[in-house]
Each structure stands twice: as C-alpha cells, then as structure tokens.
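# Fold and contact review
Now for the letters of each chain:
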Amino acid sequence: MDMTRVAPSEEIREGELFASRIEGTRILVSRVNGRICAVVDRCPHMGMSLARGKVEGNVVTCPWHNSRFDLCTGRNLDWVSAVLGLPMPKWTHRAIAMGKAPAPLTTLPCEERNGEVWVSLKPQPR
Ligand code: FES
C-alpha cells in the first residue's frame, strides 16, 4: 500500500489533532488509547476543516456546527446542533443541516513504524 510519512510518532498525541496534507488532501491524525487514527479533514456536513475541533478520547467535534465523529471509525455520533460552536435549540437543527443527512468521516489506513507515523490516502473499506 502506498503510504506517506506524516510525522514523528511523538508529535501525534492523545487528545490532539495533527493536521497535514498528502498530495493536496487535508488529513488529521490523532492517537486514541495509544493507537494512531487518521481521517480526511473534511466534515461531511459542509466540507469544512475539523482541524480546530475539540478532541475528547476517540471523539472529535466539528467547530462549525458541532457534529461529532469517532476518529478511528469515522462514525457520526451526533449531527449538527450549533453554529460556530454555539449550541442552538433542537428545532433549528434541521435548518442548520441544510438538507444534508448524517454521514461518516473518511478514515485512512495508518501505522506507526520505526518511530514515525505513516498514512495512506486509500480510504479504508467499511
Ligand atoms: S461543517 Fe462540520 S458540522 Fe457543519
């Protein structure tokens, strides 16, 4: 598999997002319970970057409309509920979604080898 070196292992830390690019594609890498996880940095709601999102354990929250995703599986855990991080009443959520249905993040194959983290742009099969 075609893998690209993205960072030394020590730069990928629990509770943080490491942003990088492979062939022009924005990616995010994090460490969850010691394991490296990588996703395409593109929120499925409006295509915005999640790089400034909050990370708690395996969950990243999109800074734009608070959708939440599992960083390792990509699974959507909570769909839009805020605007620029400000929580909005439930009756507004449908309007904020703008017709977009909940969708997962694209996860990427990744591994740690000889103190370095490697990521492939070929999405993992679901
Ligand atoms: S762009 Fe991420 S939730 Fe809207």
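In what follows, the structure referred to is the one given above.
The text that follows walks through the structure, step by step, so that each part is easy to find. Predicted, not measured: the structure shown is a model, and the values here were computed from it.

### Focus on a nonpolar patch on the surface
On the surface, Trp64, Val83, Leu84, Leu86 and Met88 cluster together into a nonpolar patch covering about 460 Å² of accessible area. As for its position among the elements, Trp64 is in the loop between strand E6 (59-61) and strand E7 (68-70). Residue classification places Trp64 among the partly exposed residues on the basis of a relative accessible area of 31%.

### A look at the state of the cysteines
According to the stated counting rule, one finds one disulfide in the structure shown. Residue pairing for Cys37: its cysteine sulfur links by disulfide to Cys72, the two sulfurs lying 2.0 Å apart. Between Cys37 and Cys72, the disulfide has an S-S torsion of 80° and is therefore right-handed. Here Cys37, found in strand E4 (residues 35-40), pairs with Cys72, found in the loop between E7 and strand E8 (76-78); they are 35 residues apart in sequence, far enough to count as distant. Like Cys72, Cys37 is buried.

### Concerning the pattern of salt bridges
Counted according to the given criterion, the structure contains six salt bridges. The partner of Glu111 in a salt bridge is Arg113, with the nearest N and O atoms 2.7 Å apart. Judged by its relative accessible area of 34%, Arg113 falls in the partly exposed class.

About the cut-offs
- Residues numbered from 1 in each chain as written.
- Predicted model: local features only at pLDDT ≥ 70, side-chain atom pairs only at ≥ 80, totals over all residues.
- Heavy atoms only, no water.
- Patch = residues over 30% accessible without salt bridge, like charges linked within 9 Å, V, L, I, M, F, W, Y side chains within 5 Å.
- Areas by Shrake-Rupley, 256 points an atom, 1.4 Å probe, with all protein chains shown as cover.
- Salt bridge = Lys/Arg side-chain N within 4 Å of Asp/Glu carboxyl O.
- Helix = DSSP H or I, 4+ residues; strand = E, 2+ residues; numbered from the N terminus.
- Buried < 20%, exposed > 50% of the residue type's maximum accessible area, 1.4 Å probe, protein only.
- Disulfide = S-S within 2.5 Å.

Take it as geometry only, folks, not as evidence of what the structure does.
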